[in-house]
Amino acid sequence: MNARTSALDTLVFGVDVQSGDVRGDAPSYAVVAFDGENFDRDVVSHRKLRRLVDREEPALLATDNAYELAADKDALVGFLRELPDETRLVQVTGAERPEPLSRVASRHGVPYGKKPMKEAEAAARLAAGNVGYEVSAFTNTTEVKVSRGRSTGKGGWSEDRFTRRIHGAVRKRSREVESELDGANLDYEKDATEKYGGLSNAVFEVEARPEDIPVSNERSGDVRIEVERERRDGIEFEPLAKRRDHVLVGIDPGTTTAVAVTDLDGTVLDVLSTRTADTAEVIEWIIERGRPILVAADVEPMPETVEKIRRSFDAAGWIPDSDLPIDEKQHRTREHDYDNDHERDAMAAALHAFDDHEDQFDRIAEKVPPSADLGAVTARVVAGEDSVETALAALSDDEDEDDEETEHAPRELTAEEKRIKQLESQVERLEAHVEELNDTIESKEGRIGQLKGDLEAARSEERKEVRERREVSRLERENDRLERQLDQRDERIEELEGKLARLKELWKLDHSNFSDVAEKKAGLVPVKPVEKFTKGAIESAHDRFGLATDDVVYLRDASGAGRSTADRLAAVDPKVVLVGKGGLSDVADRVLFEEEIPVGPADDVTIQEVDELAVTREREVEAVIEDWEARAEQRRKEQKAEELDRLISEHRADRTYDSGSSEASGQSP
């Protein structure tokens, strides 16, 4: 199939729209399954096509237009996300600007027909021959997220234990995932979120596709694992088969070797920098990206390593008249990305070589007909210093060599003999390069085995060091936590010791009447302060030091209380309520009076305070109570008098009403 290597040894699906449209009516699709020898055909709906792909997991799903399977870009991304990991979507007609399928099929010698089933078959055949572009919306980086499988929620008395169990399970499972990734020798970065009892989640950024990762989506009890590929910024098209076009190569040798490859239009195709690869590996890397017609360096004379690589490709060389200045290299590469100065120098060498030959390339392109291989002609002109006409004639002679009749070849060669002759010529060109590579391989095989052993030992030692560092980090975090707890306890002890000292000072206050305490001639009673006459302040005081029956309660601010607040204080049944600033509301005063709770001004007693504690003289409290009782007795008398006046007034009103009613009815009273 046009001298290409088959793309697969398994299954390819070719797909084309049979009827309808994915943006409107429900479409149906012509599907052709091709395993390299046999075909199987069917017409299915969009939903059945998805189920068929999920079940059979073809290596390639080929179509002439990817947007026949999805309505827009977002839908296409969703379609790609749901494909099996082993299946790739291929657009056989090109990348962003596809060609007609008939033209592509004709170019590659594939049978073509206008009916949907024939187009689906042509797409399958082309994809099987590595023709087309893979449609991709995801990178080769995969995110593996280990997180809680259920919400911690409100667990009542067991909430702490429940949360600790879940976070501990997440930590345990993340360690297992990390071990599996290490066992598979995968590169990854880990980002974990510490929570009470363990981890709330751990995210691994793994440099691999999902099918290469030994972890899959799962959800079991307290933990779930989600595996999702990292999405690209848009849709990208990557060729199934890398064409080996003619290229320009710039090389910067040294401890770090850098290589840059550009096409004949001056577009940078790829850049490499390595400290470990030898010359043979660099040559192999270049071979994978094209056929060099010119190898360039940024210094004069050309370094030996660069000259060796140039000779291996039998390519032309390019060096500047003098070493390229750094500012010129920076200016020429300003529009390109590079990771280090070595890549910049290699790229600058290739781009300066292109600049030097650009006019020549343009002249060659103008003279070469579309049917000829422009790259091959350019290579002959640049490397062999031939004219364009001579190069075209030489290429034409090469192609027609098998068709010419001479005295030693009286008959025309068959197609098979022509093919054999072409292959023999190709083999001869490659054998010279293979011999050099074989020499290098022989000298490196022993070294490779040794390095593999060293690498395995280094990896084992590195894993051991990583485990030790993690354990040290864990112990350091635990030590920091314990030190913080110790500091908090020290601060609490210091605070309590200060309070104890202040309490001792209170009992030693130099007050003349306090000498009676020792002789028990006069006593001190505790006072329990309440900041405001509100329910919240009462509850706060109750939580701090408790409010009980016969307590002396000191309201620092007595204003604003209503009935419910007064009822709450009355429920405590205090011995007396001392009122500070502000006055009791009428409602609160009435409630406390009805509950027979004495109330008096705080200014009538002497209150000594230390922090939240306070004391006063018992006799002053008794004096306040006696004063209240005297006022309360007078108040009761006034209330009784008011009640008696009210009853007399009501009685008189009733008699007046009855007299008026009798006169109105004509009866004597």
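Residues numbered from 1 in each chain as written. Predicted model: local features only at pLDDT ≥ 70, side-chain atom pairs only at ≥ 80, totals over all residues. Heavy atoms only, no water.

1. Quick look at the pairing of strand β17 (residues 552-557)
The criterion, for reference: Residue burial is assigned from relative accessible area. The probe radius is 1.4 Å, only protein chains are included, and a residue is buried under 20% of its type maximum, exposed over 50%, and partly exposed in between. Working definition: helices are DSSP H or I runs of at least four residues, strands are E runs of at least two. Numbering for both runs from the N terminus. Two strands are said to pair when DSSP picks up at least two bridges between them. A clockwise course of the path from the first strand over the helix to the second, judged with the strands pointing away from the viewer, identifies a crossover as right-handed.
The element β17 is extensively covered by neighbouring structure, given that five of its six residues are classed as buried. In terms of strand pairing, strand β16 (residues 524-532) meets β17 through five bridges, oriented parallel. Note that in β17 the partner of V530 across the bridge is L555. At this point the chain moves from β16, through helix α14 (residues 535-545), to the parallel β17, and the crossover so formed is right-handed. Across five bridges, β17 lies against strand β18 (residues 576-581) in parallel orientation. Bridge pairing in β18 places Y554 opposite L578. The parallel pair β17 and β18, bridged by helix α15 (residues 563-572), forms a crossover whose chirality is right-handed.

2. Some points on unusual backbone geometry
In this structure, the amide linkage connecting E300 to the following residue, P301, adopts the cis form with an omega of 5°. Tracing the sequence through the fold places P301 in the loop between β14 (291-296) and α7 (304-313). The phi angle at D314 is positive, at roughly 50°, despite the residue not being glycine. Summarising the element assignment, D314 is placed in the loop between α7 and β15 (316-318). With a relative accessible area of 65%, D314 lands in the exposed category. Residue D573 is not a glycine yet carries a positive backbone phi of 60°. The exposure class of D573 is partly exposed, given its relative accessible area of 37%.

3. Some details on the sheet that holds strand β13 (residues 268-274)
Threshold: To get an axis, fit a line to the C-alpha atoms, keeping to the stretch in contact for a helix; angles then go from 0 to 180 degrees between the N-to-C directions. Any pair of residues with heavy atoms lying within 4.5 Å of one another is described as a contacting pair.
The sheet built from five strands is open, its strands ordered β13-β12-β11-β14-β15 with mixed pairing. The strands lining the two open edges of the sheet, one partner per strand, are β13 and β15. Going across the sheet, the axis of each strand differs from the next one's by a mean of 25°, ignoring polarity. As defined by bridge partners, β14 adjoins β15 across three bridges and the pair is classed as parallel. Directly across from V295, in β15, lies its bridge partner G317. Of the strands in this sheet, β11 (246-252), β12 (257-262), β13 and β14 are in contact with helix α6 (residues 279-289), which crosses β12 at around 15°.

4. Here's the deal with the nonpolar core
Defined as follows: Residues grouped as a nonpolar core are buried Ala, Val, Leu, Ile, Met, Phe, Trp, Tyr and Cys residues, joined through side-chain atoms within 4.5 Å.
Judged by nonpolar contacts, the single largest core of 25 residues is most densely connected at L61, L80 and L89. Sorting the residues of this core by element identifies β1 (12-19), β2 (28-34), α1 (46-56), α2 (73-82), β6 (133-148) and β10 (223-239) as the ones contributing at least two each. No other element matches α2, which puts four residues into this core. Beyond its immediate chain neighbours, meaning those up to four positions away, L61 contacts F13, V15, V53, L69, F79, L83, T87, R88, L89 and V90. Judged by nonpolar contacts, the second largest core, of 24 residues, contains I538, V553, V577 and A632.

5. Brief notes about the pattern of salt bridges
Selection criterion: The term salt bridge refers to a side-chain nitrogen of Lys or Arg lying within 4 Å of a carboxyl oxygen of Asp or Glu.
Throughout the structure, instances matching the rule amount to 40 salt bridges. Among the salt bridges present, the one from D355 reaches R332, with a minimum N-O distance of 2.7 Å. With a gap of 23 residues between them, D355 in helix α9 (residues 341-367) and R332 in helix α8 (residues 326-332) connect regions that are remote in the sequence. Of the residues examined, D355 reaches a relative accessible area of 34% and is grouped as partly exposed. A single network of salt bridges, built from pairs that share partners, joins D298, K329, D341, R344 and D345.

6. Observations regarding the confidence of the model for the protein chain
The criterion, for reference: For every residue, the predictor assigns a confidence score, pLDDT, that lies between 0 and 100.
Summing up the model confidence of the protein chain, the mean pLDDT is 82 and the portion of residues at 70 or higher is 84%. Averaged over each element, pLDDT in the protein chain is lowest for helix α13 (residues 515-519) (40) and highest for strand β4 (residues 60-63) (94). Every residue in residues 1-9 is under pLDDT 50, and counting partners more than four places away or in other chains gives 20 contacts. Counted against residues more than four places away or in other chains, residues 401-412, with its pLDDT under 50, gives 10 contacts.

7. Side note on the packing of aromatic side chains
Describing an aromatic ring pair means giving the distance of the ring centres and the angle of the ring planes. Defined as follows: For Phe, Tyr and Trp, rings pair up if their centres lie within 6.5 Å, where Trp contributes its six-membered ring, and each pair is then called stacked (planes under 30 degrees apart), edge-to-face (over 60) or tilted (otherwise). Whether a charge sits over a ring depends on NZ of Lys or CZ of Arg being within 6 Å of the ring centre and within 35 degrees of the ring normal.
Counted by the stated rule, this structure contains four aromatic pairs. Ring centres of F34 and F39 lie 4.4 Å apart, and the angle between their planes is 10°; on these two criteria the pair is classed as stacked. Pairing Y188 with F204 gives two aromatic rings, centres 5.8 Å apart and planes at 65°, and the pair type is edge-to-face. You can see Y188 sitting in strand β7 (residues 188-195) and its partner F204 sitting in strand β8 (residues 198-206), a full 16 residues away along the chain. Positioned above the aromatic ring of F34 is the side chain of R125, whose terminal nitrogen or guanidinium carbon lies 6.0 Å from the ring centre. The positively charged end of R635 is found above the aromatic ring belonging to F593, 4.1 Å away from the centroid.

8. As for the pairing of β2
With respect to burial, β2 is a largely interior element, seven of its seven residues being buried. Residues S28, A30, V32 and F34 line one face of β2 and the alternating positions Y29, V31 and A33 line the opposite face, and both faces are buried. Where β1 lies against β2, seven bridges are found, and the strand directions are antiparallel. The residue of β2 that forms the bridge with V15 is V31. Sheet analysis places β2 next to strand β3 (residues 39-45), joined by seven bridges and oriented antiparallel. In the sheet register, A33 faces β3, and the bridge partner there is D40. Following β2, the chain reverses through four residues before pairing antiparallel with β3; G36 in that reversal takes a positive phi of roughly 105°.

9. A few points about the layout of surface pockets
For clarity, the cut-off: Method remark: on a 1 Å grid restricted to protein atoms, a set of points is classed as a cavity if a 1.4 Å probe fits but cannot get out and as a pocket if it is open with protein on both sides within 12 Å along at least five of seven lines; lining residues have an atom within 4 Å of a point. Grid points are joined across faces, edges and corners, and a volume is the space filled by probe spheres set on the points. Under this grouping Gly is polar, as are all residues other than the nonpolar Ala, Val, Leu, Ile, Met, Phe, Trp, Tyr, Cys and Pro and the charged Asp, Glu, Lys and Arg.
Approximately 930 Å³ is the volume attributed to the second largest pocket. As for the second largest pocket, its lining consists of 24 residues, of which E178, D182, Y188, V466 and R470 are closest to the centre. Listing elements by their share of the lining of the second largest pocket, those giving two or more residues are α5 (159-183), β7 and α12 (415-507). Residue composition of the lining of the second largest pocket, grouped by class: five nonpolar, three polar and 16 charged.

10. What about α6?
Every buried residue of α6 is listed here: A280, V282, I283, W285 and I286. A positive backbone phi angle near 155° is found at G290, which sits one or two residues after α6.

11. Considerations on the side chain of T163
Examined against the element boundaries, T163 turns out to sit in helix α5. The exposure class of T163 is buried, given its relative accessible area of 10%. When neighbours within four sequence positions are excluded, T163 is seen to be in contact with T152 and Y196.

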